[in-house]
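Residue-level structural notes
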Amino acid sequence: DLGDLSDGVIQTGGAGGAGQPVVGQWGGFGNAPQADVTFDLGEEFILSSIVVGTHVTAGANNNAPSTMEVAFSSDNVLYSTPILYDLEAMFGPLSDGHHDLAVQFAETSARFVRMTFGPGSFTEPGGQDPDEKWMLDEIPINCHPRALPEPAPARPPPLGLRRPMP
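Residues numbered from 1 in each chain as written. Predicted model: local features only at pLDDT ≥ 70, side-chain atom pairs only at ≥ 80, totals over all residues. Heavy atoms only, no water.

A word on the nonpolar core
Among the nonpolar cores identified, the biggest contains 24 residues, and Leu47, Ile50, Met68, Val70, Val113, Met115 and Phe117 are the most heavily contacted of them. Among the secondary structure elements, those contributing two or more residues to this core are strand 2 (35–56), strand 4 (67–73), strand 6 (97–117) and strand 9 (133–136). If you tally residues by element for this core, the top one is strand 6, at 7 residues. Ignoring sequence-local partners within four residues, the contact set of valine 113 consists of Val37, Thr38, Phe39, Leu41, Leu47, Ile50, Val70, Ala71, Phe72 and Ile141. (Core = buried A, V, L, I, M, F, W, Y, C linked by side-chain atoms within 4.5 Å. Buried < 20%, exposed > 50% of the residue type's maximum accessible area, 1.4 Å probe, protein only. Helix = DSSP H or I, 4+ residues; strand = E, 2+ residues; numbered from the N terminus. Contact = heavy atoms within 4.5 Å.)

Comments concerning the packing of aromatic side chains
Summed over the entire model, instances satisfying the criterion amount to 1 aromatic pair. Ring centres 5.0 Å apart and planes at 50° place the aromatic pair phenylalanine 72 and phenylalanine 105 in the tilted group. Remark: phenylalanine 105 occurs in strand 6 and phenylalanine 72 occurs in strand 4; sequence separation between them is 33 residues. Accessibility classification places phenylalanine 72 together with phenylalanine 105 in one group, the buried group. Positioned above the aromatic ring of tyrosine 79 is the side chain of arginine 114, whose terminal nitrogen or guanidinium carbon lies 4.1 Å from the ring centre. (Phe/Tyr/Trp six-rings, centres within 6.5 Å; stacked < 30°, edge-to-face > 60°. Lys NZ or Arg CZ within 6 Å of the ring centre and 35° of its normal.)

Topic: the side chain of aspartate 137
Mapping aspartate 137 onto the fold places it in the loop between strand 9 and strand 10 (141–145). Look at aspartate 137 and you get buried, because its relative accessible area is 18%. Of note is the side chain of aspartate 137, whose polar atom sits 3.1 Å from the side chain of histidine 98. (Polar contact = N/O pair within 3.5 Å; in protein donor to acceptor, adjacent residues only side chain to side chain.)

Points about the side chain of serine 73
Along the chain, the position of serine 73 falls in strand 4. At 2.8 Å, the side chain of serine 73 forms a polar contact with the backbone nitrogen of asparagine 76. With near-sequence residues (within four places) excluded, serine 73 lies in contact with Leu78, Tyr79, Ala110, Arg111 and Phe112.

Some words on the environment of serine 66
Among the structural elements, serine 66 can be located in the loop between strand 3 (62–63) and strand 4. A sequence separation of 68 residues divides serine 66 from tryptophan 134, and the C-alpha atoms of the two residues are 8.9 Å apart.

Some points on unusual backbone geometry
Cis rather than trans, the peptide bond between glycine 92 and proline 93 has omega equal to -10°. Of note in the backbone geometry, asparagine 76 takes a positive phi value of approximately 65° without being a glycine. Checked against the element boundaries, asparagine 76 lands in the loop between strand 4 and strand 5 (83–86). A relative accessible area of 34% means that asparagine 76 is categorised as partly exposed.

A closer look at the pairing of strand 4
In terms of burial, strand 4 is a largely internal element, 5 of the 7 residues being buried. As defined by bridge partners, strand 4 adjoins strand 5 across 4 bridges and the pair is classed as antiparallel. The residue bridging methionine 68 from the neighbouring strand is tyrosine 85, located in strand 5. Where strand 4 lies against strand 6, 6 bridges are found, and the strand directions are antiparallel. Note that in strand 6 the partner of phenylalanine 72 across the bridge is valine 113. (Pairing = 2+ DSSP bridges.)

If you want it as structure tokens, here you go:
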């Protein structure tokens, strides 16, 4: 157990990194392909926003994904119509370093959140550069528990007649 997000994935590219565990990042490599990430929140919550963490290092041709679609589901079978976010138009250009890209949406109830990161990155839309890649790190999903119905008020016991005490 590496204790990170790698699930034991071993890096196979470039000298100096070959055979080393990839820890703490999710990323698309080689023409920055599309990637789907589905979160199971364990139960339904009211969701209102997502913050996509990314890290940019221009010298290493590491950028942020250029687009993201978000869809919601209660059963992981039927999903809502995806909401498209053009992250590059919303936040670009980005300087080197860590960035949190927050996207808002109308409150919705869901257990599953599927994010599809499109091919390409901020500097290479459409994935044209064979060395292009993008990186994700923390992705907080802002939510709160579904509101439970208010309990019905307790009814007072029915009034009855009592015999007078002797």
